[in-house]
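Summary of structural features
Chain by chain, the residues:
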Amino acid sequence: MATEGKNPIKMNTRSSSLQRTGQWVFSQDIPTDVVVVVGEANFSLHKFMLVAKSNYIRKLITESKDSDGTRIDLSDIPGGPEMFEKAAKFCYGVNFEITVQNVAALHCASEFLQMTDKYCDNNLAGRTQDFLSQATLSSLSGAIVVLKSCEILLPISRDIGLVRRCVNVVGAKACKEAMFPCRSPPNWWTGELCILNIDFFSDVVASMKQRGIKPSSLASAIITYTERSLRDLVRDHSGRGVKFSDPENHERTQQRGLVESIVSLLPSEKGLFPINFLCSLLRCAVFLNTSLACKNEVEKRISAVLEHVTVDDLLIPSFTYDGERLLDLDSVRRIISGFVGKEKIKGLCSVSLQRVAKTVDSYLAEIATCLDLTVSKFNAIANLVPKSARKSEDDLYRAVDIFLKAHPSLGEMEKEKVCSSMDPLKLSCDARLHASQNKRLPVNIVLHALYYDQLKLRSGVEGKEGEVVIVPEVLATRGQVKADTTLAKENEALRSELMKMKMYVSDLQKDGGGASSSKSPLLVSNKNSKHTFFSSVSKKLGKLNPFRHGSKDTSNINEDLAGVDITKPRRRRFSIS
């Protein structure tokens, strides 16, 4: 009869199967009257021995169209020829071993052959049930092994309830180990679950959730399962020569489904997964081209803990159709945008936002050397972070400088667009000095750096570690820059008009030099008009004098024109002539 043992009997070839069958058929005096076909193996047996234990075989023989019923096809039996051999041995009363490895297949085979206690007392199904209850399912490791063996026995293993029974046992014992570990290390049980396929693992996770397992313990199990199941992808994102134009193989399709299933299992609680694990998962999702919903879910989780991210975590590779390695900037932009959007709702420039701003600037410096990075994409990422989050823009200036160096063919307008994301007023003293001597920067940025440097010397102070502290007067001078420019243009226009009038008066004097005295009133009149013109021009220039607020202001000096000879106007020091 069936006995429990540690080493299962293994099927080798068709000839060895037939040879062993001949050894345990109890009598050669009685000729065999039925041939059972299981795949490529044929078993010559006796009907009455099989019918005594198997209700399914009895039905096949009685319902057979063949009058003698000498041939039965059982190729669909779970476990194949090996499990049928053991079932036949049980019918003949021959001992064999029931082990943890074969009990699931043997139980499914007994159910398939209807070798139950309802048909015959102490039948094979009852023996396998007892072994499952007393030996196999009494421990977590044994239950996981049985559940693993059910993978190749679908759908019958699920139909007869064996899968559900194993899942419940594994879920209950895993929860117990999570709360009260009996072995070291405490999370040893997470490694045991890694032998399961994703479908059974998902069933176990659902069972543990129903039993109230801690989210942290559940997250630990998911992390371990992901790292072992996707070991090559988590550690290698070089593309491995894969060309997207090639037909996708079965392995790649399985990996895509695995990643999507793992993402669907992630608990909703925040902070359960390390940021490097989430970024690695996103890399896998991008590499395998998973569904948009899968990518968005991972991006959303990364965005929630973005303050802990590093530059290396954000370097998410993408690949073109010919396997060329690129960077997935769209994912990074969505991640940063999601984080900044939540921070804006709070209405405060938090420490987390400032930390993220520094990370983004460092990330831009890292990707600035990519030749495929356009000005619009560079600015799109740089402008995601609010200006208030950057106390100093030295890191952003470094990224801009690297970008301009890596793209020397940019025109002046494109350079200005790149620099538009940067505020020269927030550069440190060293950065301003470097910018003033940087030939790669557009001219207006260099002038701004020089001008603002002077303003800071007058109105600003340097804080700790070179951080620029901007006073309100410096901010007000931004508008004064435009006003000074307008004033200079007006002064230039007046100077031009003055020169034209001088030439006109000079021509009149030359033409009237030989005229008669009768024309002297005209000269007097011309002199008076000259005096009136110069007086009006002088007054206008006084109003437009850029030094009227300084120590050399002459706008408030009362001019007594009565005592001055208008034919010989005095030369003034500050006149514009």
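Residues numbered from 1 in each chain as written. Predicted model: local features only at pLDDT ≥ 70, side-chain atom pairs only at ≥ 80, totals over all residues. Heavy atoms only, no water.

We now examine the packing of aromatic side chains. Overall, the coordinates contain five aromatic pairs when judged by the stated rule. Residues Phe273 and Phe277 carry aromatic rings whose centres are separated by 5.5 Å and whose planes lie at 20° to one another, so their mutual orientation is stacked. In this structure Phe273 comes out as buried when scored by relative accessible area, which is 7%. A centroid spacing of 4.9 Å and a plane angle of 35° characterise the contact between Phe378 and Phe403, whose relative ring orientation is tilted. (Phe/Tyr/Trp six-rings, centres within 6.5 Å; stacked < 30°, edge-to-face > 60°. Buried < 20%, exposed > 50% of the residue type's maximum accessible area, 1.4 Å probe, protein only.)

Let us look at the environment of Gly341. Within the element layout of this structure, Gly341 appears in helix H18 (residues 329–346). Residue Gly341 is classed as partly exposed on the basis of its relative accessible area of 31%. (Helix = DSSP H or I, 4+ residues; strand = E, 2+ residues; numbered from the N terminus.)

It is worth spelling out the packing of helix H19 (residues 351–367) against helix H20 (residues 375–382) at this point. Running from N to C, H19 and H20 point in directions that differ by 165°, and their axes come no closer than 10 Å. In terms of their interaxial angle, H19 and H20 are classed as roughly antiparallel. In this structure, the crossing between H19 and H20 has a hand that is right-handed. Where H19 approaches H20, its residues Val360, Tyr363, Leu364 and Ile367 are matched on the opposing element by Phe378, Ile381 and Ala382. When its residues are assigned to classes, the contact of H19 with H20 shows seven nonpolar, no polar and no charged. (Axes fitted to C-alpha atoms, helices over the stretch in contact; angles between N-to-C directions. Parallel < 35°, antiparallel > 145°, perpendicular 65-115°, else oblique. Left-handed = near helix turned anticlockwise from the far one by under 90°. Contact = heavy atoms within 4.5 Å. Nonpolar A, V, L, I, M, F, W, Y, C, P; charged D, E, K, R; others polar.)

So, about the sheet that holds strand S4 (residues 71–73). One open sheet accounts for three strands, arranged S3-S2-S4; its pairing is mixed. Whereas interior strands pair on both sides, the edge strands pair on one side only; in this sheet they are strand S3 (41–45) and S4. Strand-to-strand twist in this sheet, taken as the mean axis angle between neighbours without regard to direction, amounts to 20°. In this sheet, S3 lies alongside strand S2 (residues 34–38) in antiparallel orientation, the contact comprising five bridges. Residue pairing in the sheet places Val35 in a bridge with Ser44 of S3. Sitting on the sheet, helix H4 (residues 80–92) touches S2 and S3, and the angle it makes with S3 is about 10°. (Pairing = 2+ DSSP bridges.)

Okay, the nonpolar core next. Grouped together as the largest cluster of nonpolar side chains are 136 residues, with contacts concentrated most on Phe84, Leu193 and Met208. In terms of residue count, helix H15 (residues 275–288) provides more of this core than any other element does, 11 residues in total. Those residues in contact with Phe84, other than ones at most four positions away along the chain, are Val36, Val38, Phe43, Leu45, Ile57, Leu74, Ile77 and Leu113. (Core = buried A, V, L, I, M, F, W, Y, C linked by side-chain atoms within 4.5 Å.)

Time to look at the packing of helix H7 (residues 140–149) against helix H9 (residues 162–179). As a packed pair, H7 and H9 sit with axes 9 Å apart at the nearest point and diverge in direction by 150°. Relative to H9, the crossing made by H7 is left-handed. Contact with H7, carried on its side by Leu140, Ala143, Ile144, Val146 and Leu147, involves Val163, Cys166, Val167, Val169, Val170, Lys173, Ala174 and Glu177 of H9 and no other residues of that element. When grouped by side-chain class, the residues that make up the contact of H7 with H9 number 11 nonpolar, no polar and two charged.

Taking 1.5 Å as the rise per residue, H19 with 17 residues should run 24 Å; its terminal C-alpha atoms sit 25 Å apart, in good agreement. What H19 keeps buried is the set Leu353, Val356, Ala357, Thr359, Val360, Asp361, Tyr363, Leu364, Ala365 and Ile367. (Expected span 1.5 Å × (residues − 1).)

Time to look at the side chain of Asn379. Within the secondary structure, Asn379 is located in helix H20. A distance of 2.8 Å separates a polar atom in the side chain of Asn379 from the backbone oxygen of Lys417. Each residue touching Asn379, except ones within four places of it in the same chain, is listed here: Lys417, Val418, Ser420 and Ser421. (Polar contact = N/O pair within 3.5 Å; in protein donor to acceptor, adjacent residues only side chain to side chain.)

For the rest of this paragraph, the subject is the environment of Thr190. Turning to its location among the elements, Thr190 is positioned in helix H10 (residues 188–192). Look at Thr190 and you get buried, because its relative accessible area is 2%. Linking Thr190 and Ser220, residues 30 residues apart in sequence, is a C-alpha distance of 7.2 Å. If near-sequence neighbours (up to four positions away) are discounted, Thr190 is found in contact with Ser220, Ala221 and Thr224. Of note is the side chain of Thr190, whose polar atom sits 2.6 Å from the backbone oxygen of Asn187. Among the polar contacts listed, one links the side chain of Thr190 to the side chain of Thr224, at a separation of 3.5 Å.

What follows deals with the side chain of Ser303. Note that Ser303 resides in helix H16 (residues 292–304). Accessibility expressed as a relative area gives 4% for Ser303, which makes it buried. Looking at Ser303, its side chain comes within polar contact range of the main-chain nitrogen of Phe339, at 2.8 Å.

This paragraph deals with unusual backbone geometry. Here the bond from Leu154 into Pro155 is cis, since omega is 5°, no more than 30 degrees from zero. Following the sequence through the fold, Pro155 ends up in the loop between H7 and helix H8 (156–159). Cis rather than trans, the peptide bond between Ser184 and Pro185 has omega equal to 0°. With respect to the helices and strands, the residue Pro185 is situated in the loop between H9 and H10.

What follows deals with H15. Along its 14 residues, H15 runs 20 Å from first to last C-alpha, staying within 8% of the 20 Å computed at 1.5 Å per residue. Judged by how many residues are buried, H15 sits mostly within the fold: 13 of 14 residues are covered. After H15 finishes, the residue Asn289 shows a positive phi value of roughly 55°.

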